[in-house]
Amino acid sequence: MPKEAELGDDFSYILRMANSDIDGLRPIAIGLTSIKGVGMRTSHQICRLAGIDGKTLGGHLSDDEQDSLRSAIDDYATTVPWWLVNRQRDLGTNEDAHIVAMEVKMTRDDDISRMAGIKAYRGMRHRSGHKVRGQRLRSNGRKGSSLGVERKK
């Protein structure tokens, strides 16, 4: 942990990008992972696209470097190969996109409601609160509401 005298006067403790707070005391490549939809691989790619060293503390970035990071996040889906984005062949637009921040939650909720609306198996499992991907129910996943048969009294 660096001392305050080492950080300088223009140090930013919190950066705001993609509707998320980024800790300025962490290296920017690690700090970008606090944005929902951005992992380590994506954050390193974003730093490379913006021309910024990922080991630089986030608080030491200038306004121009922060703007280049923001534009790199926005243009990420168009500059990387299709297999590096998190939303490939979207059902609505049939395009590749990389969704971040609140879009991730909204898109996930839309997908679940679409599956439940067409009465797909996965949608019905989501709605009833059961396991969705074929996991075992008899012996595992017993936390939360009970799924078994009630005992006679």
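Check the entry above for the structure.
Residues numbered from 1 in each chain as written. Predicted model: local features only at pLDDT ≥ 70, side-chain atom pairs only at ≥ 80, totals over all residues. Heavy atoms only, no water.

1. Remarks on the layout of surface pockets
How we decide: With a 1 Å grid laid over protein atoms only, a set of points is called a cavity when a 1.4 Å probe fits there but cannot get out and a pocket when it is open yet has protein on both sides within 12 Å along at least five of seven lines; lining residues have an atom within 4 Å of a point. Grid points are joined across faces, edges and corners, and a volume is the space filled by probe spheres set on the points. Helical segments are the DSSP runs of H or I of at least four residues, strand segments are the runs of E of at least two, and each set is numbered from the N terminus. Amino acid classes used here: Ala, Val, Leu, Ile, Met, Phe, Trp, Tyr, Cys and Pro are nonpolar; Asp, Glu, Lys and Arg are charged; the rest, including Gly, are polar.
The calculated volume of the largest pocket comes to roughly 380 Å³. Considering the residues around the largest pocket, the lining is formed by 20 residues, among which Arg87, Arg108, Asp111, Met115 and Arg122 are closest to the centre. Counting only elements with at least two residues in the lining of the largest pocket, the list comes to α6 (102-117) and α7 (121-128). Per element, the largest residue contribution to the lining of the largest pocket is 7 residues, and it comes from α6. For the lining of the largest pocket, the residue count by class is 6 nonpolar, 5 polar and 9 charged.

2. Details of the nonpolar core
For soluble globular proteins, the rule of thumb is that nonpolar side chains tend to be buried together. Put simply, the rule is: Residues belong to one nonpolar core when they are buried, are Ala, Val, Leu, Ile, Met, Phe, Trp, Tyr or Cys, and are joined through side-chain atoms within 4.5 Å. When a residue's accessible area, from a 1.4 Å probe over protein chains only, is under 20% of the maximum for its type it is buried; when over 50% it is exposed; and in between it is partly exposed. The contact criterion used throughout is that any non-hydrogen atoms of two residues lie within 4.5 Å.
Counting 21 residues, the largest nonpolar core has Ile28, Leu32, Ile35, Ile46 and Leu69 as its most contacted members. Those elements that place two or more of their residues in this core are β1 (14-17), α2 (28-31), α3 (40-50) and α4 (63-74). Beyond its immediate chain neighbours, meaning those up to four positions away, isoleucine 46 contacts Leu32, Val38, Leu69, Ala72, Ile73 and Tyr76.

3. As for the pairing of β1
Going by this rule: Whether two strands pair depends on DSSP finding at least two bridges between them.
Where burial is concerned, the two faces of β1 differ: the one with Leu15 and Met17 is buried and the one with Ile14 and Arg16 is not. For β1 and strand β2 (residues 20-23), the ladder comprises 4 bridges, and the chain directions are antiparallel. Bridge pairing in β2 places leucine 15 opposite isoleucine 22. Taken together, β1 and the strand that follows it, β2, pair antiparallel across an intervening segment of 2 residues, in which alanine 18 is found at a positive phi of about 50°.

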